[in-house]
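Listed below, chain by chain, are the residues.
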Amino acid sequence: MSSDKPSTASPMANLSVGGKTIDMPVRSGTVGPDVIDVGRLYKETGCFNYDPGFTSTANCSSKITYIDGDAGMLLHRGYPIDQLAEQSNFLEVCFLLLNGELPNEPEYEEFQLAITRHTMLHEQMTRFYTGFRRDAHPMAVMCGVVGALSAFYHDSTDINDPEQRTIAARRLIAKMPTIAAMAYKYSVGQPFIYPRNDLDFSANFLQMCFAVPCAPYTVDPVIARALDRIFILHADHEQNASTSTVRLAGSSGANPFACIAAGIACLWGPAHGGANEAALNMLSEIGTVDRIPEYIKKAKDKTSGFRLMGFGHRVYKNYDPRAKVMQKTCHEVLDALGIRNEPLLQVAMELERIALEDDYFVEKKLYPNIDFYSGITLRAIGFPVEMFTVLFAVARTVGWVAQWKEMIEDPEQRIGRPRQLYIGAPVRDYVPRGQRG
Ligand code: ACO
């Protein structure tokens, strides 16, 4: 296949299959690689495009997030992630992702009010929790309760009504922290703590998780700011596995609550959002700096089945820009909490140093990803490991919702229906049970 890109408006790529050559349009975005539009490939050649894991496949056009994996760059609506993490706040980033522009003062006020006014859950939903075992993983609870939202908020499930789409988006962003905090409270056997609308997004989440009715609870502003930054870092990440799941589920016309529940299920996997839990477990297992070489050796041995969790990324072939901010946030949180010489931080920093100098990791361009330092930070704040992916889900909800809305509003949108390379038995006749060999 060759790509011929003259300076005309519509460059073409041509492909020869079985003696027939077809032209396919090459489309350019604002930045990033061009795409070859293979939409007519099957019709004109009878062949499908085969790309397991979608390593070379663009599934949609999007204006929300851009990643340059080689440069280690992440932009939301054009703004670099480090600038947003340092100078913005989570709700402002939510507005940006949903609407395309940063809000002015009145827009921000209105959005903030809309989110804080929707933090409470329908009271009947609290009974859902008691149906789960106390030892259920909170992500299992999240899948169930978020899916159940569509049974409670019927007035925002019509995907063809733009106003209902906006209400559903805001409800999801506003209620997700409440659902997550209740999942946590249920797992530790404490009473649910209702949201407080006078607190900002992250402070409110901390108080719903850590306050108890019998004692006053004051949110530490340094921790609230750190958590807010962690939420910003996780807010969206282009067409990752869970976002693609949300888009695919939504492409059939499913309601937004059901689609986000599907995204949560996908996020749970250890190769995706579950990696922060796996990374902390791995650091605990290593335990001390002297055991690092043993684990590096294991990670390089293909037969061991072991990987350095929190290392490597499908898109980043450079330092994950979120990991840099996360590492700084980790130090800030430990300092604020007066935690000196945290052994896991020492293991993490030494592991990172050794891996970044090791030929195996250098050649394969394996760098720490966002999950490498997030576990240590979240544990220091007081969250148990089972809650790590839940916090990721709280933050990523806005990304899922923004991408879902963009898909519904895209005139090119069709039901997502991949094809396959069939390698099973060809047609054969049914043999009655008694006559089988
Ligand atoms: N440790 C050791 N080797 C690794 C690691 C790792 N963490 N990650 C990749 N490799 C090796 C692979 O064995 C493979 O080697 P090979 O080419 O000799 O066969 C090569 O690097 C490429 O790896 P792939 O699995 O093909 O890369 P892919 O893009 O499919 O996977 C992934 C990316 C899933 C993130 C992978 O790096 C991984 O499993 N990392 C650990 C889990 C993790 O931290 N996930 C979080 C991702 S970030 C997020 O979801 C928020």
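Residues numbered from 1 in each chain as written. Predicted model: local features only at pLDDT ≥ 70, side-chain atom pairs only at ≥ 80, totals over all residues. Heavy atoms only, no water.

(A) Molecular detail of the site of the ligand. Surrounding the ligand, one finds 20 residues, the nearest of these being Lys 302, Leu 308, Gly 310, Arg 314 and Lys 364. The contact in question runs from an oxygen atom of the ligand to an N or O atom on the backbone of Gly 310, over 2.8 Å. Take Asn 369: an N or O atom from its side chain is 2.9 Å from an oxygen atom of the ligand. In isolation the ligand exposes 930 Å². Once the protein is present, 74% of that is buried. Tallied by class, the residues present in the shell around the ligand amount to ten nonpolar, five polar and five charged. (Near = heavy atom within 4 Å. Polar contact = N/O pair within 3.5 Å; in protein donor to acceptor, adjacent residues only side chain to side chain. Areas by Shrake-Rupley, 256 points an atom, 1.4 Å probe, with all protein chains shown as cover. Nonpolar A, V, L, I, M, F, W, Y, C, P; charged D, E, K, R; others polar.)

(B) A look at the packing of helix H12 (residues 275-286) against helix H17 (residues 371-381). Between H12 and H17, the shortest axis-to-axis distance is 8 Å and the interhelical angle comes to 80°. Considering their axes alone, H12 and H17 lie roughly perpendicular with respect to each other. On H17, the residues touching Ala 275, Asn 276, Ala 279, Leu 280, Met 282 and Leu 283 of H12 are Asp 371, Phe 372, Ser 374, Gly 375, Ile 376 and Arg 379. (Axes fitted to C-alpha atoms, helices over the stretch in contact; angles between N-to-C directions. Helix = DSSP H or I, 4+ residues; strand = E, 2+ residues; numbered from the N terminus. Parallel < 35°, antiparallel > 145°, perpendicular 65-115°, else oblique. Contact = heavy atoms within 4.5 Å.)

(C) Focus on the packing of aromatic side chains. According to the stated counting rule, one finds 18 aromatic pairs in the structure shown. For the ring pair Tyr 184 and Phe 210, a centre distance of 6.0 Å and an interplane angle of 75° mean the geometry is edge-to-face. Here Phe 210 lies in helix H8 (residues 201-210) and Tyr 184 lies in helix H7 (residues 162-188), a separation of 26 residues in the sequence. Aromatic ring contacts, followed pair by pair, group Phe 90, Tyr 184, Phe 201, Phe 205, Phe 210, Phe 231 and Phe 383 into a single cluster. (Phe/Tyr/Trp six-rings, centres within 6.5 Å; stacked < 30°, edge-to-face > 60°.)

(D) Molecular detail of helix H10 (residues 241-251). Considered for burial, the residues of H10 that qualify are Ser 242, Thr 243, Val 246, Arg 247, Gly 250 and Ser 251. Backbone geometry just downstream of H10 places Gly 253 in the positive-phi region, at approximately 95°. (Buried < 20%, exposed > 50% of the residue type's maximum accessible area, 1.4 Å probe, protein only.)

(E) Layout of the packing of H17 against helix H18 (residues 388-408). Between H17 and H18, the least distance of the axes is 10 Å, while the angle of their chain directions is 105°. Taken together, H17 and H18 sit at an angle that is classed as roughly perpendicular. Taken together, the residues of H18 that come into contact with H17 (itself represented by Asp 371, Gly 375, Leu 378 and Arg 379) are Phe 388, Leu 391 and Phe 392. Broken down by class, the residue content of the contact of H17 with H18 amounts to four nonpolar, one polar and two charged.

(F) Spatial organisation of the pairing of strand S6 (residues 73-76). Summarising the sheet, strand S5 (residues 65-68) and S6 pair through four bridges and their orientation is antiparallel. By the bridge assignment, Asp 68 is partnered in S6 with Met 73. Hairpin connection of S5 to S6: four residues between the antiparallel strands, including Gly 72 at a positive phi of 65°. In the sheet, S6 pairs with strand S7 (residues 79-80) via two bridges, with the strands oriented antiparallel. Opposite His 76, over in S7, you have Tyr 79 as the bridge partner. Taken together, S6 and the strand that follows it, S7, pair antiparallel across an intervening segment of two residues, in which Arg 77 is found at a positive phi of about 50°. (Pairing = 2+ DSSP bridges.)

(G) Here's a closer look at the side chain of Asp 236. Here Asp 236 is to be found in the loop between helix H9 (221-233) and H10. Side-chain polar atoms of Asp 236 contact the side chain of Thr 65, separated by 2.6 Å. In terms of polar contacts, Asp 236 uses its side chain to reach the side chain of Gln 403, at 3.0 Å. When neighbours within four sequence positions are excluded, Asp 236 is seen to be in contact with Ile 64, Thr 65, His 76, Leu 97, Thr 243, Arg 396, Gly 399 and Gln 403.

(H) Spotlight on unusual backbone geometry. One non-glycine residue, Arg 77, lies in the positive phi region at around 50°. Phi is positive for Asn 341, which is not a glycine, with a value near 50°. For Asn 341, the location among the structural elements is in the loop between helix H14 (321-336) and helix H15 (343-357).

(I) Molecular detail of the pattern of salt bridges. One pass over the full model with this rule turns up 20 salt bridges. Between Glu 406 and Arg 247 there is a salt bridge, with its nearest N and O atoms 2.7 Å apart. Taken together, the residues span a long stretch of sequence, with Glu 406 in helix H18 and Arg 247 in helix H10 at a distance of 159 residues. With respect to class, Glu 406 is no different from Arg 247; both count as buried. Between Glu 409 and Lys 405 there is a salt bridge, with its nearest N and O atoms 3.8 Å apart. The class for Lys 405 is buried, based on a relative accessible area of 13%. Among the charged side chains, a network of salt bridges with common partners joins Arg 27, Asp 37 and Glu 412. (Salt bridge = Lys/Arg side-chain N within 4 Å of Asp/Glu carboxyl O.)

(J) Seen up close, the pairing of strand S2 (residues 12-17). Across six bridges, S2 lies against strand S3 (residues 20-27) in antiparallel orientation. From the neighbouring strand, Asn 14 faces S3, where its bridge partner is Asp 23. Following S2, the chain reverses through two residues before pairing antiparallel with S3; Gly 18 in that reversal takes a positive phi of roughly 55°.

(K) Representation of the environment of Asp 37 in the model. Take Asp 37: it is sitting in the loop between strand S4 (35-36) and helix H1 (41-45). Among the residues examined, Asp 37 registers a relative accessible area of 30% and is labelled partly exposed. Considering only alpha carbons, one finds Asp 37 and Cys 94, 57 residues apart in sequence, at a separation of 31 Å. With residues up to four places along the chain from it excluded, the contact list for Asp 37 reads Met 24, Pro 25 and Arg 27. At a separation of 3.0 Å, a polar atom in the side chain of Asp 37 contacts the main-chain amide nitrogen of Gly 39.

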